[in-house]
Structure formats: structure tokens, C-alpha cells
Amino acid sequence: MTRTHTATLALAFSALFAGQAMAAGTAAPLTRDQVKAELAEAVRTGNVVTGESSARLNEQFPQLYPQQQADATVTRAQVQAELAEAIRTGNVLVGESSAKLNEVLPQNYARQNVAGKSREQVHAELAEAAASGQLYRHIEA
């Protein structure tokens, strides 16, 4: 063999072994039981890719698999505070309808600030409209 062939073979072997060493990393290899458990969990939740579509089973047939639970980003106290605020303002759904409690019984709840204006801004606009006579302009006798 020539020097070129020898150098090429040496380079190929070193690349092969270096790739395997990097793939191994510092994490310990999984045991056979761990791999079986991960596969069983993936099959149970539908996190298995099938066919050529590269879509997981739980994406293709979501009605057949349980919903994936997302990691919580808020604390229990924050959720309880949000619920208390929603109940106080009536922003909770009534029964199985899509209507909110403050829409069904608006007299029981304060009006929501939907315009993005502060209370002081609304009072200033009201005073200006009253001073300029525009407040009762729509009422003609």
C-alpha cells in the first residue's frame, strides 16, 4: 500500500472513533430496561413517528391519546390569585355556554375598562363633552 492509502485509512478510522467518542458524551448509556420503558411510554402517549409523513401518532390521531401536560410556568398561588380575580370581575364561564358571568349579569359587576383609558381620562373627556355641549347632542326634543 502506498502512503496515501495508509494516511486515508488512518484518517477514516480516527474520524470513526472520534465520532463515536463524541456521540457517547458524558452521559451514561441507557440500560435495556430503560430503553424498553421509554419505548413503552412513547407508544402509550403516541410519540412515535410512523410512515413517511414524519408526523407522530398523537398528531395524526389526537382523539386516541391523552393530552400532553405542559410544564407549569406559574405557581399555585398565582393561579389561585388569577381565579379569585376572575370570579371578582365575573370573567368566568356560565355553565357549558361560552358566555361569561359579567355578560349574563352585567348589573352585578363593574364595567370593564376596554378602551385602555384610565378613570381620570374618562372623567376629563366627560367634563370636556359636558362643557362643549356635546354630551346631550344626540337627544333632540
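Residues numbered from 1 in each chain as written. Predicted model: local features only at pLDDT ≥ 70, side-chain atom pairs only at ≥ 80, totals over all residues. Heavy atoms only, no water.

Undergrad: I tried to follow the overall build of the protein on my own but got confused; where do I start?
TA: If you tally the helices and strands in the protein, you get six helices and zero strands. When the helices and strands of the protein are placed in sequence order, the string is α-α-α-α-α-α. Out of the 141 residues belonging to the protein, those deemed buried represent 9%. Long-range contacts, defined as pairs at least 24 residues apart, comprise 0% of the intrachain contacts of the protein with a sequence gap of at least 6. As displayed, the protein has an accessible area near 12,600 Å², and 59% of this comes from carbon and sulfur atoms. (Helix = DSSP H or I, 4+ residues; strand = E, 2+ residues; numbered from the N terminus. Buried < 20%, exposed > 50% of the residue type's maximum accessible area, 1.4 Å probe, protein only. Contact = heavy atoms within 4.5 Å. Areas by Shrake-Rupley, 256 points an atom, 1.4 Å probe, with all protein chains shown as cover.)

Undergrad: Help me understand the pattern of salt bridges, please; the structure alone is not making it clear to me.
TA: Pairing is possible between side chains that carry opposite charge, provided their charged atoms lie close to one another. Evaluated as defined, the whole model comprises four salt bridges. Among the ionic pairs, Glu41 bridges to Arg44, the shortest N-O distance being 2.9 Å. Of the two residues, Glu41 and Arg44 are both situated in helix H2 (residues 32–45); the distance of three residues between them amounts to about one turn of the helix. (Salt bridge = Lys/Arg side-chain N within 4 Å of Asp/Glu carboxyl O.)

Undergrad: Just checking my understanding: could you explain the side chain of Thr45 for this structure?
TA: By the element assignment, Thr45 lies in helix H2. Side-chain polar atoms of Thr45 contact the backbone oxygen of Glu41, separated by 2.9 Å. (Polar contact = N/O pair within 3.5 Å; in protein donor to acceptor, adjacent residues only side chain to side chain.)

Undergrad: Sorry, what's going on with the confidence of the model for the protein here?
TA: Any residue range with low pLDDT should be treated as having predicted coordinates unsuitable for detailed reading. Of all residues in the protein, 72% attain a pLDDT of 70 or more, and the chain-wide mean is 78. Across the protein, the secondary-structure element scoring lowest on mean pLDDT is helix H1 (residues 3–24), at 58, and the one scoring highest is helix H4 (residues 76–89), at 91. (pLDDT = per-residue confidence, 0-100.)

Undergrad: In this structure, what is going on with H4? I would like to understand it.
TA: Owing to its 3.6 residues per turn, the α-helix aligns residues three or four sequence positions apart on the same side. Here H4 is 14 residues long and its end C-alpha atoms lie 20 Å apart, about the 20 Å a rise of 1.5 Å per residue gives. Positive phi shows up at Gly90, right after H4, with a value of about 80°. (Expected span 1.5 Å × (residues − 1).)

Undergrad: Looking at this model, I keep getting lost on the side chain of Asn58. Mind explaining?
TA: Position of Asn58 relative to the elements: it lies in helix H3 (residues 57–60). Here the side chain of Asn58 touches Thr45 through a polar contact of 3.2 Å, landing on its backbone oxygen.

Undergrad: How do you make sense of H2 when you look at a structure like this?
TA: Compared with an ideal rise of 1.5 Å per residue, which puts 14 residues at 20 Å, H2 spans 20 Å between its outermost C-alpha atoms and is within 8% of the ideal. Count one or two residues on from H2 and you reach Gly46, which has phi positive near 80°.

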